[in-house]
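Below, each chain spelled out in residue letters.
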There are 4 protein chains.
Amino acid sequence: MMAAAHGRITGIPGVCIATSGPGASNLVTGLLTANTEGDPVVALVGSVPRAMNTHRTHQSMKALDILGPASNLAVGIDVEDQAAEVILSAFRQAATPPKGVSVVNIPQDVQKGNSKFAAFRPEAYPAPKFGLAAPSQSQKVLEMFQSAKMPVLFLGARASSPIVVTAVRKLLSKFPLPTVETFQAAGAVSKELVHLFYGRVGLFRNQTGDKILSKSDLVLAVGYDPVEYDAFTWNPERARPVVHIDYQPSDYGVYYSPVAELLGSVAENLNFLTENTRSITDNTQSEFFKTLDKEYHAWQSLPTTSRFDGDLPVHPLTFVTELQKRVSKDTTVCVDVGTVYIYMMRYFFAYEPRRLLCSDGQQTLGVGLPFAIAASLTQDPPCSAKVVSMSGDGGFMFSSNELVTAVQQKCNITHFIWNDSSYNMVEFQEEMKYGRSSGVKLGGIDFKKYAESFGARGYRLESAKELREVMDEALGFEGVSVVDIRIDYSEAGKLARDVIEEGWN
Amino acid sequence: MMAAAHGRITGIPGVCIATSGPGASNLVTGLLTANTEGDPVVALVGSVPRAMNTHRTHQSMKALDILGPASNLAVGIDVEDQAAEVILSAFRQAATPPKGVSVVNIPQDVQKGNSKFAAFRPEAYPAPKFGLAAPSQSQKVLEMFQSAKMPVLFLGARASSPIVVTAVRKLLSKFPLPTVETFQAAGAVSKELVHLFYGRVGLFRNQTGDKILSKSDLVLAVGYDPVEYDAFTWNPERARPVVHIDYQPSDYGVYYSPVAELLGSVAENLNFLTENTRSITDNTQSEFFKTLDKEYHAWQSLPTTSRFDGDLPVHPLTFVTELQKRVSKDTTVCVDVGTVYIYMMRYFFAYEPRRLLCSDGQQTLGVGLPFAIAASLTQDPPCSAKVVSMSGDGGFMFSSNELVTAVQQKCNITHFIWNDSSYNMVEFQEEMKYGRSSGVKLGGIDFKKYAESFGARGYRLESAKELREVMDEALGFEGVSVVDIRIDYSEAGKLARDVIEEGWN
Amino acid sequence: MMAAAHGRITGIPGVCIATSGPGASNLVTGLLTANTEGDPVVALVGSVPRAMNTHRTHQSMKALDILGPASNLAVGIDVEDQAAEVILSAFRQAATPPKGVSVVNIPQDVQKGNSKFAAFRPEAYPAPKFGLAAPSQSQKVLEMFQSAKMPVLFLGARASSPIVVTAVRKLLSKFPLPTVETFQAAGAVSKELVHLFYGRVGLFRNQTGDKILSKSDLVLAVGYDPVEYDAFTWNPERARPVVHIDYQPSDYGVYYSPVAELLGSVAENLNFLTENTRSITDNTQSEFFKTLDKEYHAWQSLPTTSRFDGDLPVHPLTFVTELQKRVSKDTTVCVDVGTVYIYMMRYFFAYEPRRLLCSDGQQTLGVGLPFAIAASLTQDPPCSAKVVSMSGDGGFMFSSNELVTAVQQKCNITHFIWNDSSYNMVEFQEEMKYGRSSGVKLGGIDFKKYAESFGARGYRLESAKELREVMDEALGFEGVSVVDIRIDYSEAGKLARDVIEEGWN
Amino acid sequence: MMAAAHGRITGIPGVCIATSGPGASNLVTGLLTANTEGDPVVALVGSVPRAMNTHRTHQSMKALDILGPASNLAVGIDVEDQAAEVILSAFRQAATPPKGVSVVNIPQDVQKGNSKFAAFRPEAYPAPKFGLAAPSQSQKVLEMFQSAKMPVLFLGARASSPIVVTAVRKLLSKFPLPTVETFQAAGAVSKELVHLFYGRVGLFRNQTGDKILSKSDLVLAVGYDPVEYDAFTWNPERARPVVHIDYQPSDYGVYYSPVAELLGSVAENLNFLTENTRSITDNTQSEFFKTLDKEYHAWQSLPTTSRFDGDLPVHPLTFVTELQKRVSKDTTVCVDVGTVYIYMMRYFFAYEPRRLLCSDGQQTLGVGLPFAIAASLTQDPPCSAKVVSMSGDGGFMFSSNELVTAVQQKCNITHFIWNDSSYNMVEFQEEMKYGRSSGVKLGGIDFKKYAESFGARGYRLESAKELREVMDEALGFEGVSVVDIRIDYSEAGKLARDVIEEGWN
């Protein structure tokens, strides 16, 4: 997971290495996650000597069979002379959109061998570079764009690289295009352009962004990856005209049938639109948008059940508001999966790309802290600025032992635990489906002491009234701190309600 | 194989259909061949009802596991509602470069079911369209191209589509660029431009084209597919600077490490070069090229051991010469694998793309006749012009029973058998490796009678002196004719001799 | 297919060998068939040098991926020192029940290498030997057997080895047990015991044997392989108490839930029953069995629409009767799939095991002739006695070019073609399902001339009246002869009618 | 891992369940371990609805592809009517020797569906029962056994089930057969028979048992699984005559070529030997064995560098001795992988089967605590007796968060950490191979506080002099306690030294 975050943040493949057998198999969830989210990673794994590979012996395992389905490339070095080119291919493939994981298996006896070919120099393996879409398609899109009554910019996971973000901002600076993000696109819209931003969408079709998408007569889907938010969910009426702007052709489907495809460099194609569009319909002042604008910002002033008085637990939105005040746009915030991720990815503003990180494809529990460690280590100089991570109490336990790594590496991280002693996101969905929950109760851990056992600073926050002070203190602490917060999930069920139905008006 | 040739010739995926079990498995070699050669094919196969798929029952088989490695996409319709989009994906994928095979498995009970989604209209599934390479790469290539001392155009399998061929010809019309083809690129260079053509390369590095490649300081590899002629063979010194012009990034390797990649539409990128190049070095009048030019055309006047006198068998080059005289540039000539394919693909001129067909990736025996049947059936109107096919006597038997199809479908095909009663191409390679041959002796079939048993016309040609007359007669016959020719393979071993060594001068 | 028949007939794995790419993929249907039918085969295939296996190059293919699903063992020799033990494992696995296919892939460069281990001596690799079932199970079965009111012996594919057949006959000699065979068990019941034999079952549940099974209160399923005749078909009421006697545990299923399992050596376990059973209920003189006995033998006197007068085509049952008269119990009869196989496997008597051969698992078209060639070559001395094969006109064409092999190898084979110029078995099932047929019309081949083109003797038989004479002549001819018979399939639809319904009485 | 230990201890498959995506992939190491060690487990995993399985959507993953290579059976319920029989097969397969893992994938929409078949009753799915070997083999072995000069009993993983252990003890009670165990066979020899026990072998060929094996002229390998200790290691001279006594045929190999195989029920076949053997050569009083006997017990009186004085860390053998004194033969002791496992599995006595548990196939870090939790929960009544587990400080962190489960479930467990702040087993092997170590330094965790944060009791032991007291206290504590011990690994390198060479005398 650290390698994945390294790859996502820097654009350069993160590397992880493991021995044979369980060493290799332990990588599977991290690699699966990286591969699904499009994070460039190269994994090097060992295996028994070739002459033993038909036998049962210590740690014999079909590593490529197990890791292959979790990667874009899984290949063995079967003879020493392949080493240079296989490693090169692994790095190239990992960095080629849609990006992801390359696994290289190296049998023990090959590891000891010699190759007649030297390793390729790093300069020799730039990721492939792409250009402009087919002129016929570009022209078609240009015309549709200029004549659309309500065009919308829909930014996906592959709209989050710095080069694409630059192109997005150029387009928005010139044309007042209402913009919706998936969770992974967080930060694509800058603070200066936030008036065009109508929030993020994902999971439940009940957001302001969903309403805009559902009325648009031209959705420019930029770097959209359906793994985050499948079209079955946001386009069940199959009525949206979509332009697919991405490195690769779309997976046509009954719910996603683009009217045009701009293939190639996403940035180049956006720049083409920016440069060649004369004008577009400006809806942002319409009643519809004004209403949505109001709706979108309404949560900020919601009278939530908890505030800073009494002994109430902390309401999620209170936390979001208070954290927002305490971080700059350059702070990296890593969010684990769970109810915490729905709140954060919906309501937390990010104004720079790859600063608000989560797992929105596999929704893998446990990414919060490892992502934060990687974010800290990839800073220049390493560990020079505070990184924030957060998770539920359940998700935290999936990787919390990495606190020892964070402390050893001298990271500067504050990790917040939204603690309700249960798997809340599972719980409320179980209740929606079955009218009861099962197997979700947790609890019994003193997280303050837990953090301290690793040499980290621990905080325990029982009521909302302590929130601001503890937050200040923990964020001010240079090193690793863990804040255990009693969270108020009484309204969490709302996150999944009021789903937009077909024929919504 | 017919579906493959249909796909290759028309650009529209050929479709084949098979029942469960051996029905599906019988497709594997045809699909493997199509997929390797980049021929668009959609294969629909059946399987036992889903509820039986964990049991042993009649014709139970893991069709997708068997056919998957022979295709680019292998997918099942697991529930009826997937039918429309899975079929659409299959066609899209088959027609997207590098093109190839999509396999769709449909369990028996799903076949009988109903879907709530209608099939996609054909217009809805154009293959993806690609555009221009990254500007930085184009610019770099432009500069290299203009300053190269000996640039060479190296056309591969994906340079054989009509749209790419048009772009190639535009480039050559403007700039005197020495051109070399792989076997699959046959026909890219028109008759008007044949003075720039230095032959085809493949199999053994001993051709005029190989000599040019080995001296070039800039190889423009256009739609090059290493499966035809791997770089290990033509670039063992690892010294050629190559520009990779293709739909997809190159498979970097120790022997193929392009200095630049022009990715996207091959035609668009060639057109860019044509339009933006000011001038290139013209070598075609140099001593080097004049020598090669002479060498290349020398075979045409070779005193071959057989001619038209006496009772000698027919020399391959005599055949090539005589056939060349009797076909127009629009005649489709389908060549099966074997020694016949080395002679034909090296020495037979083709001036239009996809008129000289072979299998140069899998080198699959038996493609000759089925390719010819497809070529005949895809004519407009069907079977309206003579199609020529040829094979060795060994390869012929791999698919010769399809004569009944050719006759039933009223095809107009003349099939020539180069008959030496052995697997000659295996034989001479066995002799090169082991000093003896084994398991290659054939014979014992009366091909004239064999042809007649299917209602085709049969000819038997014992000596070269009959060649011209029989050829005229067979080619003049409207319908299916088979000509059994006693071939003279005494010089076949030469095809593999005089391989260019490292440091050649 | 020849290797499969060699393995089936001799019990020693047949071996086939193929080069890389299509060489290997061409094996898939033969291997799939062998593996499904339990025929021991070892296939050796080549592949590109290891250092090329990540590249596209001539005939690169994932041979083990393609052939793996068609085999019980698919393994590569990745380093030379594995050669001896991998080959040994391949032979052992192929010969271990349930028997089947082992594929060994040998990369080109490994083929040339040296191993420090010598090959295992043949004596070192006997197939594993099995013994008696668990005593608790044996005892339980003994009791059930002795108290059953209507026990039935149901012989399957793995009851066809000589050693099991001997045990079966011992049991039947001692106890009057009504016996039913699957197609592959043909010949298990000797001529002396034929009064206990109530025919074979398969495909359609409308046979005498089906009626017996449906009333039995104890089915002794011996070496039963559901691939031949799945329990869903013969036990849809889920009411039969079955004892599973086989080398391996049963695949429990909703339609096949044995009340006991006798695992281990099938012969040993049968002998145990024979030796330890005191007495069983004898039903063979009951009204029920007398009626069935009459029914079973009724077809022999059926007034079929064709006989020996006029110009009528030959009725299948007439053929069966006439052939039966002309062969001894030691004659091997190889039956291809199609309507011919339903008639033959139902109505043709065989009194020795592995003398009446077919493909009843994959139902693979084209097995008839290759099986006959193998049967001929495995005779001692080779080709010393007449072998009979037969096929439909459609199935014949799947492997008919092997006539050249049969002639070259000096086989003594008479092949009968039941010719109705269509795929009749598909045709009548299409008509049953859809009320019409499609894509089944064949014809246009002069099979007499076809046979002659290979140097075989050809016969064409237009009407039934010539049948006996031509049959005598063809069977009397020493060498390869082909008899093209106009067959009368007007009653073929009956083969699938009168299926026994639930609650039948 | 808990499910695996449940399966191993009770013989009844443990069950684990996981949601789609990372839920399923997180199981892989646990399942791989269980499958390799032969622990019966059924894993139920979810996946996206079938109609979504061709799309990228939240948590889409090829679960069966990833988990398949870690299991013996991996199958999906593709339609609801398969549910009953697929679940039945999963349980049957898991419990059939060699036992292991069955994975069942259930798509979301199938989970909600209905089947027309009820679940099978538990009584309906006994694991298959096996019987006696082939008489010819039994007889052969009997003769070899009686005439062997130095027969040795070599007990492997599948000799550890209660039923086999009973048979082993019967044999040893009657015949004085020197006995060697693999690690997984621990406990097969009872306290009464310990005079015949010459220790366990594994990892490095330098044990007393190895010396005996290397001189034996008849090794009775009972339930031997090469995954624990491959024959390449213990029989490099290829000179041992081995009798393979197991449920399944051996994997013949150059280093393991049994002279005979007794297949079927291991217990039945041992009982056969016991009952039919008249006498065997008794070597146990020979000089050779007396010397080995002395050698084997020598470690117990070794003057180790640490004892109970001063501030020295605890020597491993001191720990072993002291723990041995404090547990009964019925105490379950769970040992994690690492140097701790080499010491414990070599030197800790166990007198009942499945009381000394480890992972000796995959050597998976982290099994210690989860195994202990399962051991505690499977007690009758649950958690009624102390369970001991131990691990290194590195391995502990792989699953230490399960302390919360142990506490919640009210387990009675004492877990010892052999803490040297490094991955010692990797470290000393790195030093042996490369002369230096890399990436093995750990440390920085206060395990006492760590344990307390979960509500467990924590102890920290700095010097050997506290050992006995803390051990007493921790083992006396009812509940979960963790003891962090500073261990003395200064002699760990010895574990891998003095490996027996070819030609040893």
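Residues numbered from 1 in each chain as written. Chains lettered and ligands numbered in written order. Predicted model: local features only at pLDDT ≥ 70, side-chain atom pairs only at ≥ 80, totals over all residues. Heavy atoms only, no water.

A. Main features of the sheet that holds strand E2 (residues 41–47) of chain A. Residues and elements named next belong to chain A. Within the open sheet, the four strands sit side by side as E1-E2-E4-E3. Their pairing is parallel. Of all the strands in the sheet, the pair left with one neighbour each is strand E1 (14–18) and strand E3 (73–76). Mean inter-strand twist for the sheet, computed between neighbouring axes without regard to direction, equals 15°. Strand direction decides the pairing type here: E3 and strand E4 (residues 101–107), joined by four bridges, are parallel. Within E4, the position partnered with Val75 by the bridge is Val104. (Pairing = 2+ DSSP bridges. Helix = DSSP H or I, 4+ residues; strand = E, 2+ residues; numbered from the N terminus. Axes fitted to C-alpha atoms, helices over the stretch in contact; angles between N-to-C directions.)

B. Representation of the environment of Ala231(A) within the structure. All names here are of chain A. Assignment of secondary structure puts Ala231 in helix H10 (residues 231–234). Here the alpha-carbon distance between Ala231 and Gly253, two residues 22 residues apart in the chain, equals 8.7 Å. Discounting chain neighbours no more than four positions away, the residues touching Ala231 are Tyr224, Pro236, Tyr255 and Tyr256. (Contact = heavy atoms within 4.5 Å.)

C. Local environment of the UniProt feature "domain: Thiamine pyrophosphate enzyme central" (unreviewed entry) in chain A. The feature "domain: Thiamine pyrophosphate enzyme central" (unreviewed entry), as given by UniProt, occupies residues 139–271 of chain A in the numbering adopted here. Its end C-alpha atoms 13 Å apart, residues 139–271 of chain A is made of 30% helix and 21% strand. (UniProt positions renumbered as here; feature names shortened; annotations may be inferred.)

D. Highlighting the relation of the copies chain B and chain A. Rotating chain B by 180° and translating it 0.0 Å along the rotation axis places it on chain A, where the RMSD comes to 0.0 Å. On this basis, the relationship between the two copies can be described by a two-fold rotation axis. Across chain B, the smallest distance between a C-alpha and the rotation axis is recorded for Leu132(B), namely 2.5 Å. A shared interface surface links the copies, since 100% of the contact residues of chain B are contact residues in chain A too. (Least-squares fit on C-alpha atoms with pLDDT ≥ 70 in both.)

E. Region of the structure containing the sheet that holds strand E11 (residues 333–335) of chain A. Residues and elements named next belong to chain A. Strand order across the open sheet formed by six strands is E12-E11-E13-E14-E16-E15, with parallel pairing between neighbours. Two strands close off the open sheet at either side, each with one partner strand: strand E12 (356–357) and strand E15 (457–461). When strand E13 (residues 387–392) meets strand E14 (residues 413–419), the two strands line up parallel, connected through six bridges. Note on E14: the bridge partner recorded for Ser389 is His415.

F. Structural detail: the relation of the copies chain B and chain C. Of the two same-sequence chains, chain B is brought onto chain C (RMSD 0.0 Å, axial shift 0.0 Å) by a rotation of 180°. The residues that chain B uses at the interface reappear at the interface of chain C in 100% of cases, marking a shared surface.

G. Focus on helix H1 (residues 2–10) of chain D. All names here are of chain D. Among the residues of H1, those classed as buried are Ala3, Ala4, Ala5, Gly7 and Arg8. Buried residues in H1 make contact with strand E1 (14–18), helix H3 (28–37), strand E2 (41–47), strand E12 (356–357) and helix H15 (368–377). Gly11 occupies a position one or two residues after H1 and carries a positive phi of about 80°. (Buried < 20%, exposed > 50% of the residue type's maximum accessible area, 1.4 Å probe, protein only.)

H. Quick look at the UniProt feature "domain: Thiamine pyrophosphate enzyme TPP-binding" (unreviewed entry) in chain A. Annotation from UniProt places "domain: Thiamine pyrophosphate enzyme TPP-binding" (unreviewed entry) at residues 336–485 of chain A. Between the C-alpha atoms that bound residues 336–485 of chain A there is a distance of 15 Å. The span itself is 38% helix and 17% strand.

I. Structural view of the domain arrangement of chain A. Residues and elements named next belong to chain A. Each assigned domain of chain A is listed with its residue range as follows: domain 1 (2–117), domain 2 (135–295) and domain 3 (302–495). Domain 2 and domain 3 are separated by 30 Å when their C-alpha centres are compared. In this assembly, 22 residues from domain 2 lie in contact with 24 residues from domain 3. Both sides together, the interface formed by domain 2 and domain 3 hides about 1,900 Å², and carbon and sulfur atoms give 54% of it. (Domains from an automatic or database assignment. Buried area = accessible area lost by both parts, 1.4 Å probe.)

J. Broad picture of the pairing of strand E8 (residues 218–222) of chain A. Residue and element names in this part refer to chain A. E8 sits mainly inside the fold: five of its five residues count as buried. Along E8, one buried face is formed by Leu218, Leu220 and Val222 and the opposite face, lined by Val219 and Ala221, is buried too. Across four bridges, E8 lies against strand E9 (residues 242–246) in parallel orientation. For Val222, the partnering residue across the bridge sits in E9 and is Ile245.

K. Molecular detail of the packing of helix H8 (residues 162–174) of chain D against helix H11 (residues 266–276) of chain D. All names here are of chain D. Running from N to C, H8 and H11 point in directions that differ by 15°, and their axes come no closer than 8 Å. In terms of orientation, H8 lies roughly parallel with respect to H11. Of the two possible hands of crossing, H8 and H11 adopt the one that is left-handed. Contact residues: Ile163, Val164, Ala167, Val168, Lys170, Leu171 and Lys174 in H8; Val266, Ala267, Leu270, Asn271, Thr274 and Glu275 in H11. In terms of residue class, the contact of H8 with H11 is made up of eight nonpolar, two polar and three charged. (Parallel < 35°, antiparallel > 145°, perpendicular 65-115°, else oblique. Left-handed = near helix turned anticlockwise from the far one by under 90°. Nonpolar A, V, L, I, M, F, W, Y, C, P; charged D, E, K, R; others polar.)

L. Expanded view of the pattern of salt bridges. Applying the stated rule across the entire model yields 96 salt bridges over all chains. A salt bridge links Glu261(B) to Arg92(A), with the shortest nitrogen-to-oxygen separation between them at 2.9 Å. In this pair, Glu261(B) is assigned in strand E10 (residues 260–263) and Arg92(A) in helix H5 (residues 83–95), connecting two distinct chains. Judged on exposure class, the residue Glu261(B) and its partner Arg92(A) are both buried. Residue Lys448(C) pairs with Glu452(C) through a salt bridge whose shortest N-O separation is 2.7 Å. Taken as a pair, Lys448(C) and Glu452(C) lie in helix H19 (residues 447–453) at a separation of four residues, close to a single helical turn. What makes Lys448(C) partly exposed here is its relative accessible area of 33%. (Salt bridge = Lys/Arg side-chain N within 4 Å of Asp/Glu carboxyl O.)

M. Structural context of the confidence of the model for chain A. Model confidence for chain A is summarised by a mean pLDDT of 94, while 98% of its residues fall at 70 or above. Under the prediction, the complex receives an ipTM of 0.96, its pTM being 0.97. (pLDDT = per-residue confidence, 0-100.)

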